[in-house]
Amino acid sequence: MLFTGYYEADLKGSLTPSDVYCWPLYRKPTDLYRVELSAFPFFPKFKGLPPLLRGRLSPDAYGNAVIVPYYSREEIDYRQKLLGKGLEIVWIDDPLEVFFLHIQGSGIVELDPGKTLRVNYDESNGHPYIAIGRVMVQQGLLSPDNVSMQSIRDYLEKHPEKVKDILISNPSYVFFREVKEGPLGSLGVPVTAFRSIAADRFLFPKGGLVYIETQLPVFDEHGNLKGSKAYSGFVLNQDTGGAIRRPGRGDFYTGYGKASRLI
């Protein structure tokens, strides 16, 4: 198994937009539809079809309502296809924090008056997940042996002119809901640090008990990687994710905040 780590993100935001807080987290749009391909009789005859599609209704040249792909990341964030439709939950100060929240699936937003708001994955736009680290390696921006969330974030913070082009290379987009407890996994119950994993829900039993052996990175007080340590133990398969879509892949929940972000 190849294990990666995910965490509950920490962000800063506001309930009202401003020049600082200008990147919205959206709730699930009402015009986002699911198509259960697996329910159609032709589904077993064609290998490789996804069991589920997502899209929106759009009129064709004859006025018929047809299902087309939902808006991509570029259309939502940079062409503002959803802006002003009352879907904004909260506004965030940094597009990178929003992007990484989409990958993590849950987070706690610190609001201006000192209050907090917890958000959790609700739905996606149905576009394929493209790892921006792989894109950056292909473009020569990162070396293959130095791809991590930290190196990606560090490069984009130093090269803000590259942010848009890199982020929109991943068309997948996540919609959120406000929750009181969490972070919630795909089973609707809170996940536990170092005791919960995410795996492909079409391959592994939901809630299954798993024994894992892997290595966890170890960092110094400055956040620099200094080695690794062995980890073994029992965990529960309580979650799933857009990048966890095949055998041999698992995502290990490491907790909340900056220390958990490093792992």
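For the structure itself, consult the block above.
As a starting point, this report considers the structure included with it. (Residues numbered from 1 in each chain as written. Predicted model: local features only at pLDDT ≥ 70, side-chain atom pairs only at ≥ 80, totals over all residues. Heavy atoms only, no water.)

The next subject is the environment of alanine 131. Within the secondary structure layout, alanine 131 lies in the loop between strand E8 (116-124) and helix H3 (132-138). By relative accessible area, which is 21% here, alanine 131 ends up partly exposed. Along the chain, alanine 131 and isoleucine 166 lie 35 residues apart, while their C-alpha atoms are 9.9 Å from each other. (Helix = DSSP H or I, 4+ residues; strand = E, 2+ residues; numbered from the N terminus. Buried < 20%, exposed > 50% of the residue type's maximum accessible area, 1.4 Å probe, protein only.)

Tracing the backbone shows tryptophan 91 in strand E6 (residues 88-92). Counting along the chain gives 85 residues from tryptophan 91 to phenylalanine 176, while the straight-line C-alpha distance between them is 12 Å. With residues up to four places along the chain from it excluded, the contact list for tryptophan 91 reads Lys12, Gly13, Ser14, Leu15, Thr16, Pro17, Tyr21, Cys22, Trp23, Pro24 and Leu83. (Contact = heavy atoms within 4.5 Å.)

This part takes up the pattern of salt bridges. Scanning all chains against the criterion turns up six salt bridges. Residue glutamate 8 pairs with arginine 118 through a salt bridge whose shortest N-O separation is 2.8 Å. Remark: arginine 118 occurs in strand E8 and glutamate 8 occurs in strand E1 (residues 2-14); sequence separation between them is 110 residues. Among the salt bridges present, the one from aspartate 154 reaches lysine 158, with a minimum N-O distance of 3.2 Å. (Salt bridge = Lys/Arg side-chain N within 4 Å of Asp/Glu carboxyl O.)

That is the geometry; function is a separate question.
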